[in-house]
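# A closer look at the structure
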Amino acid sequence: MLSRNKVIDALQDKRTNFEEYQAGQRSEFDLRRQLLDRFLRMTAAEVTARIAERGQAWPGALPTPELDQAVDLCVPFASRWRNHQEARAWALTILAGKPVAAVDGSQIPPSKEISVPVGAVQIGWYINYHVAGGRYEKDVAFTVLAPDELGEEEGGEFPDWRVNQQRFVGECTQLAALMTRFAAAGARPLCFFDGSFIISFAGQIRPARAEPYLKTVRALLAHAQALAMPLVGFVDSSGSRDVVMLVNTVAGPPHMSLTDGALFAPLLPNWGDRTPFFICARNDPLSQQGQADFYQEVAFCYIRLAAERPPARIELPRWLVESGEATAIVDRVRAECIIGAGGYPYAIETADAVAVLQQADRDHFYALFQQFAEQQGMPFHVSRKQLSKQVRR
């Protein structure tokens, strides 16, 4: 149980720390203005030349021709409405007859409280055909990971990493399967991936564990291009610093340490405003080790979809930007966010709701697994601690 008075006292004890943090943030924003003023005076060609001059192979991001078309890094959204009803009418017009598909996953990691190691992954998907009558599809695929598939560590523990990996691979594989299915029917749905294609985290784990992530992302991007499918990675709250690094590279020193979202937030004043597209050239362990060949096949921009939050990050395969399709695709993302809640694409929200496994679902899974284990003659027990939790909660 949380004690209100104890929390207040603890916060007061750290008041000076928070004040110092705020002062540092103000200093960062002053530096941001200084560096942006230098950056905004450069054309895309001049930025490219400065990158070459600085000898930075991975400068965070590379400009596209849109940089010269934007005003202060803003590509304004022209449509304006008096109320949500008008916005929704616009969204339904944009989406009419254009299917959208989204995939998300959930998982049950192995538990120390259960005597038999077991994990599970559920991949859910949602398809909205955006036709009269409201045709849609929701379904899930459920996979159990047995002890030999969980990757036992030293000390006899079964860690979460195998389940996390299986979920990521399963999401990408299912999205690719939906693309194949639609391609066979001659359709081109907007395919949402809930997350980033730029998987820097894979550079922080063992190479053998990272390889399935790398292989899967490369395969998904290649599959989308081969089938000419519109593919979008959506990141609602990005901590990326790709454009910040680009600005630091060509306009610094000194260097700022803001996130891209904080950099762009003041520059995108109205709902729907976005930045120009950039090509990803992130400097991270993967790119430094020569394993990020697909990074520069990904373009991204930031877009204002909620007044109270930093801009979201949208990623597209580079070929979609170079083909001229990006503007129409971004409009479809905007429209999905209008019919969704709080600036989040409705298709991703729904796929998440289809896939999510709540605590009650986990308890139900363990009850079913206990029945299965007993039928198979496997010794099965739940720790006293877990039983106590179930009683108290």
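Right, let's walk through the structure included here. (Residues numbered from 1 in each chain as written. Predicted model: local features only at pLDDT ≥ 70, side-chain atom pairs only at ≥ 80, totals over all residues. Heavy atoms only, no water.)

Further remarks concern the pairing of strand S8 (residues 298–303). The element S8 is extensively covered by neighbouring structure, given that six of its six residues are classed as buried. Neither face of S8 is left uncovered, since the one carrying Val-298, Phe-300 and Tyr-302 and the one carrying Ala-299, Cys-301 and Ile-303 both have all their residues buried. For strand S7 (residues 278–281) and S8, the ladder comprises two bridges, and the chain directions are antiparallel. Across the sheet, Ile-279 pairs through a bridge with Ala-299, a residue of S8. (Buried < 20%, exposed > 50% of the residue type's maximum accessible area, 1.4 Å probe, protein only. Helix = DSSP H or I, 4+ residues; strand = E, 2+ residues; numbered from the N terminus. Pairing = 2+ DSSP bridges.)

Here we come to unusual backbone geometry. The linkage connecting Gly-252 with the following residue, Pro-253, adopts the cis geometry, with an omega of -5°. Mapped onto the elements of the fold, Pro-253 is located in the loop between helix H8 (242–251) and helix H9 (260–264). Backbone torsion omega between Pro-253 and Pro-254 reads 0°, so that peptide bond is classified as cis. Along the chain, Pro-254 falls in the loop between H8 and H9. Unusually for a residue other than glycine, Leu-73 sits at a positive phi of about 65°.

For the rest of this paragraph, the subject is the nonpolar core. Of all hydrophobic cores here, the largest spans 68 residues; its most connected members are Phe-39, Ile-199, Leu-220, Leu-231, Phe-264 and Phe-278. When residues no more than four places from it in sequence are discounted, the contact partners of Phe-39 are Val-47, Leu-67, Leu-73, Leu-246, Val-247, Val-250 and Ala-251. (Core = buried A, V, L, I, M, F, W, Y, C linked by side-chain atoms within 4.5 Å. Contact = heavy atoms within 4.5 Å.)

A few words now on the packing of helix H5 (residues 84–95) against helix H12 (residues 326–339). Their axes nearest at 9 Å, the elements H5 and H12 cross at an angle of 135°. The orientation of H5 relative to H12 falls into the category oblique. Taken as a pair, H5 and H12 cross one another with a handedness that is left-handed. Residues His-84, Ala-87, Arg-88, Trp-90, Ala-91, Leu-92, Ile-94 and Leu-95 of H5 touch H12, and the partners they reach there are Asp-331, Arg-332, Arg-334, Ala-335, Glu-336, Ile-338 and Ile-339. (Axes fitted to C-alpha atoms, helices over the stretch in contact; angles between N-to-C directions. Parallel < 35°, antiparallel > 145°, perpendicular 65-115°, else oblique. Left-handed = near helix turned anticlockwise from the far one by under 90°.)

Glancing now at the side chain of Asn-128. Looking at where Asn-128 falls in the secondary structure, it is placed in strand S3 (residues 119–128). Among the residues examined, Asn-128 registers a relative accessible area of 14% and is labelled buried. A polar side-chain atom of Asn-128 sits 3.0 Å from a polar atom in the side chain of Tyr-126. (Polar contact = N/O pair within 3.5 Å; in protein donor to acceptor, adjacent residues only side chain to side chain.)

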